[in-house]
Amino acid sequence: MAKIGDILLEVKNISKSYGSVVALTDVNMNVRAGEVVGLVGDNGAVKSTLVKVLSGAYQPTSGSIFLDGIERHWASPHEAIDAGIETLYQDSGLAPHLSVSANVFLGREKTVPGLLGRMGFLSQKYMDMTAHADLDRVGIAVPPSSRSVSRLSGGQRQAVAIGRAVSWASKVIILDEPTNHLGARQAGEVLAVIKAVKARGLGVIFISHTLPHVLQVTDRIVVLRLGKAVCNAPTSEFDADRLLGTITGLIETT
Ligand SMILES: Nc1ncnc2c1ncn2[C@@H]1O[C@H](COP(=O)(O)OP(=O)(O)OP(=O)(O)O)[C@@H](O)[C@H]1O
Ligand SMILES: [Mg+2]
């Protein structure tokens with residue numbers, strides 16, 4: 001078990017091309033246990049591409065990923081999930097035709113013990129109860145776990161997706177614009193959840209265009225510009241103007 005301050009996830013010289021277009025160039029960053037790292041940059045700065053590389057959805061063109069000091073290659077998102085990394089994608093990836101609890105358990109459905117379990121039947125009651133408790137912990141009220149996700153509001157869907165990631169992560173949680181579609185109160189609750197996840201000793205990568213949120217909840221900020229990490233510094237070194245200037249390039253970084 002990592003101690004607070006140990007490096008959990010480390011990225012060395014990661015690059016990613018889309019065909020002949022180089023999207024991500026030589027990015028280095030790490031996330032420590034009990035640390036929230038903000039990842040910021042304008043639209044197209046390549047934040048979500050980096051998220052997909054970290055979560056196994058895309059393969060990097062070059063560079064290495066280390067978890068607990070051991071180099072890993074994720075052949076699929078499942079391998080990253082099994083290793084303890086949960087990701088909330090920007091396009092949150094819920095299955096709208098399934099219920100809330102089925103979404104929380106998607107890909108890891110619980111079977112009841114005994115003959116039925118071995119035959120692969122799902123314990124619906126267990127999933128509904130656990131999903132509800134997990135979402136309750138996130139602090140955002142969502143309707144009953146048995147309801148179809150297609151009948152939820154955008155913000156409620158977002159809450160389900162966050163709850164799913166928070167309840168399964170054991171090492172690192174990556175949240176790509178988790179407060180999108182949320183009202184002010186609900187966004188505040190998501191920030192509180194991030195602080196709670198940090199207090200549990202997990203590492204968090206938090207992506208947002210809402211700079212006051214980033215300044216409020218992160219310990220360190222990595223600024224991406226045109227696919228490069230142009231700045232990586234403790235949050236205490238930024239105020240709103242400096243952060244905005246670094247993102248837009250008005251403030252030069254070395
Ligand atoms: N699957 C893909 N194939 C080709 N190009 C892609 C693909 N995904 C993203 N890109 C390109 O990579 C660049 C970075 O996109 P990305 O989604 O990583 O940016 P972002 O920083 O997350 O932006 P936003 O703040 O708008 O979410 C964009 O120019 C985009 O068009
Ligand atoms: Mg994005």
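See above for the structure.
Residues numbered from 1 in each chain as written. Chains lettered and ligands numbered in written order. Predicted model: local features only at pLDDT ≥ 70, side-chain atom pairs only at ≥ 80, totals over all residues. Heavy atoms only, no water.

(A) Examining the overall build of the chain more closely. Counting its secondary structure elements, the chain contains nine helices and ten strands. Taken over the C-alpha trace, the chain has a radius of gyration of 18 Å; the compact-globule value for 254 residues is 18 Å, and the two agree within 12%. If you line up the chain on its principal axes, its C-alpha atoms span 60 × 40 × 40 Å. Counting all 254 residues of the chain, 50% fall into the buried class. Taking all contacts inside the chain whose residues are at least 6 apart in sequence as the whole, residues at least 24 apart take part in 63%. A total of about 11900 Å² of accessible surface is found on the chain, and carbon and sulfur atoms cover 54% of it. (Helix = DSSP H or I, 4+ residues; strand = E, 2+ residues; numbered from the N terminus. Rg over C-alpha atoms; globule rule 2.2 N^0.38 Å. Buried < 20%, exposed > 50% of the residue type's maximum accessible area, 1.4 Å probe, protein only. Contact = heavy atoms within 4.5 Å. Areas by Shrake-Rupley, 256 points an atom, 1.4 Å probe, with all protein chains shown as cover.)

(B) Representation of helix α7 (residues 184-199) in the model. Relative to the 22 Å expected for 16 residues at 1.5 Å per residue, α7 spans 23 Å between its end C-alpha atoms, a close match to the ideal helical length. Among the residues making up α7, those that are buried are A187, E189, V190, L191, V193, I194 and V197. Backbone geometry just downstream of α7 places G201 in the positive-phi region, at approximately 90°. (Expected span 1.5 Å × (residues − 1).)

(C) Quick peek at the nonpolar core. Grouped together as the largest cluster of nonpolar side chains are 43 residues, with contacts concentrated most on V40, V160, I173, I194, V223 and L243. In this structure, V223 is in contact with V40, K228, A229, V230, C231, L243, T246 and I247, ignoring residues within four places of it in sequence. One finds W74, A83, V172 and I205 within the second-largest nonpolar core, a separate group that totals 31 residues. (Core = buried A, V, L, I, M, F, W, Y, C linked by side-chain atoms within 4.5 Å.)

(D) How the structure looks around unusual backbone geometry. With a phi angle near 50°, N13 is a residue other than glycine that sits in the positive phi range. Mapping N13 onto the fold places it in strand β1 (residues 7-18). Unusually for a residue other than glycine, L226 sits at a positive phi of about 45°.

(E) Summary view of the site of ligand 1. The full set close to ligand 1 counts 13 residues, and V46, K47, S48, T49 and H209 are the nearest of them. The side chain of H209 places a nitrogen or oxygen atom 2.8 Å from an oxygen atom of ligand 1. Here ligand 1 has 640 Å² of accessible area as a free molecule, and 59% of this is covered by the chains. Considering every element that reaches the shell around ligand 1, the biggest residue donor is helix α1 (residues 47-54), with three residues. For the shell around ligand 1, the class distribution of residues is four nonpolar, six polar and three charged. (Near = heavy atom within 4 Å. Polar contact = N/O pair within 3.5 Å; in protein donor to acceptor, adjacent residues only side chain to side chain. Nonpolar A, V, L, I, M, F, W, Y, C, P; charged D, E, K, R; others polar.)

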